[in-house]
Amino acid sequence: MKTQVAIIGAGPSGLLLGQLLSKQGIDNVIIERAAGDYILGRIRAGVLEQGMTDLLREAGVGERMDREGQIHTGVELAFNNKRVKIELEKLTGGSTVMVYGQTEVTRDLMEARSAADLTTYYESSNVVLHDVKTDSPYVTFEQGGEEYRLDCDYIAGCDGFHGVSRPTIPESSRKEFERVYPFGWLGVLSDTPPVNDELIYCKTDRGFAMTSMRSATRSRYYLQVPLTDKVENWSDDDFWTELKRRLPDDVAEKLITGPTIEKSIAPLRSFVCEPMQYGNLFLVGDAAHIVPPTGAKGLNLAASDVATLNKILTRVYKDGDKACINQYSEICLRRVWHGERFSWWMTSMLHDFGDDGANSTDAETYGRFMSSELNFYTDNEAGRRVIAMQYVGLPYEDLS
Ligand code: RFL
Ligand code: PHB
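Residues numbered from 1 in each chain as written. Chains lettered and ligands numbered in written order. Predicted model: local features only at pLDDT ≥ 70, side-chain atom pairs only at ≥ 80, totals over all residues. Heavy atoms only, no water.

A word on the overall build of the chain
For clarity, the cut-off: Segments assigned H or I by DSSP are reported as helices when at least four residues long, segments assigned E as strands when at least two residues long, and all are numbered from the N terminus. In this description the radius of gyration comes from C-alpha coordinates, and the expected globular size is given by 2.2 Å times residues to the power 0.38. Only protein chains enter the accessibility calculation, which uses a 1.4 Å probe; a residue whose area is less than 20% of its type maximum is buried, one above 50% is exposed, and one in between is partly exposed. What makes two residues a contact is simply this: any of their non-hydrogen atoms within 4.5 Å. Surface exposure here means Shrake-Rupley accessible area, sampled with a 1.4 Å probe, where a residue is shielded only by the protein chains that are shown. Positive residues here are Lys and Arg, negative ones are Asp and Glu, while His and the chain termini are left out of the count. Where a charge sits is defined by one atom per residue type, namely NZ (Lys), CZ (Arg), CG (Asp) or CD (Glu).
From N to C terminus, the chain includes 13 helices and 20 strands. A compact globule built from 400 residues should have a C-alpha radius of gyration of about 21 Å, and the chain, at 21 Å, falls within 12% of that. Classification of the 400 residues of the chain by burial places 55% in the buried group. A sequence separation of at least 24 residues applies to 72% of the contacts in the chain between residues at least 6 apart. As presented, the chain carries roughly 17100 Å² of accessible surface, and 47% of it is formed by carbon and sulfur atoms. One way to put it: in the chain the 43 positive side-chain charges average out to a point 3 Å from where the 59 negative ones average out.

Take a look at the structure:
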């Protein structure tokens, strides 16, 4: 088999890249380890920046999002029983975010891909990338007991944090930056009306909590929990009781509870692999970087990598300019590090680090630093604008 671009992974990065490349007439094949239904069962991000919604429209998959997604003009921060509104639209001169779940984005992309009759190998095993430093890289994999070889010009490693693409780059040719946080997020999905029109990020003495949503009838809530907690030990009642304790009183009073339809614990990590390119292999999205979810940046950074790679491959195939591939890593990493810093900062300000405070500071001192930071940034418009600008996302960079 032969294609122009082999894409490893059918998460949002791989599917979106495949769709955009096809629009440019660039042939691509996706090789995915899991089954399509399994991917759609994963509940992940909920907030899309305008850069990403524009890209989805460009890929021809914006229609349902524009119909069913909710535009949010602000988010709230809550602490000390006080609620502060960050007016995203007003403070940024018109930018908003779209609340539309990653599951729905993925579903729209999968449907568009099958409607366009593009090739995807789900449930592939033993995926191996070969000769990525040469001009004739290829991928081997197994599916349904058969072995396949896919020859290509370029490989896009869109296979997430635990994929095979990043480890294909020799250790001596990459540097990894990492911070693992001493807590996780317990997330719950429930067919109950959201407690508030806007998302609320809550800092409390009992730890962080947040309220989000997927639609007018489906809510998404999170609690900071110790990494030692097991999801099966959290009953629905325990979850709702603890959430109520962490919400501001007037919000807690309005909380409508019900059976949960998904419950899981995600660890929190900041991670970057530099560079994001090795020969004709490009790392995209979670394969190259992870952020804690506090800034809602994970999926959005994946989208900006995809935008950059799409521009590069379009120029390669339309103009024959192969040199431009060397811009990929630098352009992506500038935006990635902004997202990493913002996510780390939001995480640091809003969570309880216990005795494992950042920079080896004791819990109380670190807590004071971060409370003061939160007060400083929320008490004045310039501070709130700094938060708003980053929350809506920085502009995408063009190729030179
Ligand atoms: P994905 O979504 O992980 O998709 C990677 C795909 O590659 C496949 N794969 C392989 N395929 C072939 N061969 C192999 N050897 C392979 N190994 C893996 C996988 O099966 C999968 O289908 O990465 P992608 O596309 O880069 O998308 C990134 C986003 O998914 C991610 O940034 C966000 O979801 C991060 N994230 C969150 N971001 C937010 O902004 N808000 C959130 O609330 C939020 N919650 C989360 C999250 C990430 C989580 N992970 C990764 C554990 C919650 C969780 C649990
Ligand atoms: C979500 O709705 O799942 C969500 C929203 C904002 C975040 C993280 C998760 O920062």
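With respect to the site of ligand 2
To keep things clear, this is the line we draw: The cutoff for a nearby residue is simple: one of its non-hydrogen atoms must lie within 4 Å of the molecule or strand. Throughout this description, a polar contact denotes any pair of N or O atoms lying within 3.5 Å of each other; where both atoms belong to protein, one of them has to be capable of donating a hydrogen while the other can accept it, and for residues adjacent in sequence the pair is counted only when both atoms sit in side chains. Side-chain classes are defined by residue name, with Ala, Val, Leu, Ile, Met, Phe, Trp, Tyr, Cys and Pro counting as nonpolar, Asp, Glu, Lys and Arg as charged, and the others, Gly among them, as polar. The split into domains, and so the bounds of each, comes from an automatic or database assignment of domains.
Taken together, 14 residues form the shell around ligand 2, and within it Y201, S212, R214, Y222 and P293 come nearest. Measuring from an oxygen atom of ligand 2, one finds a side-chain N or O atom of R214 at 2.7 Å. Of all elements in the fold, only β15 (209-215) and β16 (218-225) reach the threshold of two or more residues within the shell around ligand 2. Of all the elements, β15 adds the most residues to the shell around ligand 2, at three residues. Looking at the shell around ligand 2 residue by residue, the class counts come to eight nonpolar, three polar and three charged. Counting only domains with at least three residues in the shell around ligand 2, you end up with domain 1 (5-68 + 99-178 + 269-377) and domain 2 (180-267).

Details of the packing of helix α1 (residues 12-23) against helix α6 (residues 102-115)
The test is simple: Between the N-to-C directions of two axes lies an angle of 0 to 180 degrees, each axis being a line fitted to C-alpha atoms and, for a helix, fitted only over the stretch in contact. These descriptions rest on fixed angle ranges, namely under 35 degrees for roughly parallel, over 145 for roughly antiparallel, 65 to 115 for roughly perpendicular, and the rest for oblique. In this scheme the crossing of two helices becomes right-handed for a clockwise turn of the near helix relative to the far one and left-handed for an anticlockwise turn of less than a right angle.
Closest axis-to-axis distance for the α1/α6 pair is 10 Å, and the angle between their directions is 40°. One finds that α1 runs oblique with respect to α6. Once α1 is placed against α6, the crossing between them reads as left-handed. Taking contact as the criterion, the partners of P12, L15, L16, G18 and Q19 in α1 are, on α6, Q102, T106, L109, M110, A112 and R113. Tallied by class, residues from the contact of α1 with α6 come to six nonpolar, four polar and one charged.

Examining the sheet that holds β16
We apply this condition: What makes two strands pair is DSSP finding at least two bridges between them.
Pairing is mixed in the open sheet, where eight strands are placed in the order β6-β5-β14-β15-β16-β13-β17-β20. The open sheet has two edge strands with one neighbour each: β6 (82-86) and β20 (289-290). Sheet topology places strand β14 (residues 200-203) next to β15; three bridges connect them, and they run antiparallel. Across the sheet, I200 pairs through a bridge with T211, a residue of β15. On the sheet, helix α13 (residues 381-392) packs against β5 (75-79), β6 and β14 and is oriented at approximately 60° with respect to β6.

A short note on the nonpolar core
This is how it is decided: Residues belong to a common nonpolar core when they are buried Ala, Val, Leu, Ile, Met, Phe, Trp, Tyr or Cys residues joined through side-chain atoms within 4.5 Å.
With 71 residues, the main nonpolar core has L16, L48, L56, V139 and I155 as its most contacted residues. When residues in this core are grouped by element, the largest group, eight residues, is from helix α10 (residues 298-319). Setting aside its immediate chain neighbours within four residues, L56 contacts L16, L48, V61, G62, M65, V105 and L109. Counting 34 residues, the second largest nonpolar core, distinct from the first, contains L88, Y181, L199 and Y366.

Topic: the domain arrangement of the chain
Selection criterion: A simple way to read buried area is as the amount of 1.4 Å-probe accessible surface that goes missing from two parts once joined, with both sides added.
Assigned domains within the chain: domain 1 (5-68 + 99-178 + 269-377) and domain 2 (180-267). Relative placement of domain 1 and domain 2: their C-alpha centres are 26 Å apart. Contacts between domain 1 and domain 2 engage 25 residues on the former and 20 residues on the latter. Interface of domain 1 and domain 2: buried area, both sides summed, is about 1900 Å²; carbon and sulfur atoms make up 63% of it. The three residues of domain 1 that bury the most area against domain 2 are I43, L350 and H351, which together make up 30% of that side's buried surface.

Here's the deal with the pairing of β14
The alternating pattern of β14 places I200 and C202 and Y201 and K203 on opposite faces, both of which are buried. Here β5 pairs with β14 via four bridges, running parallel. Within the sheet, the bridge partner assigned to E76 lies in β14 and is I200. Counted between consecutive antiparallel strands, the loop separating β14 from β15 contains five residues, among which G207 sits at a positive phi close to 110°.

Observations concerning the sheet that holds strand β2 (residues 28-31)
Spatial strand order, β8-β2-β1-β12-β19-β18: six strands in an open sheet with mixed pairing. Because the sheet does not close on itself, it has two edges, and the strands there are β8 (120-121) and β18 (277-278). By the bridge criterion, two bridges tie β18 to strand β19 (residues 281-283) in an arrangement that is antiparallel. Paired with Y278 across the two strands is L281, which belongs to β19. With respect to the sheet, α10 is in contact with β1 (5-8), β12 (154-157) and β19, its orientation differing from that of β12 by roughly 175°.

Thoughts on the UniProt feature "domain: FAD-binding" (unreviewed entry) in the chain
What counts here: UniProt positions are given in the numbering used here, feature names are shortened, and annotations may be inferred rather than shown by experiment.
Per the UniProt record, the feature "domain: FAD-binding" (unreviewed entry) sits at residues 2-342. With 31% helix and 31% strand, residues 2-342 has its two end C-alpha atoms placed 41 Å apart.

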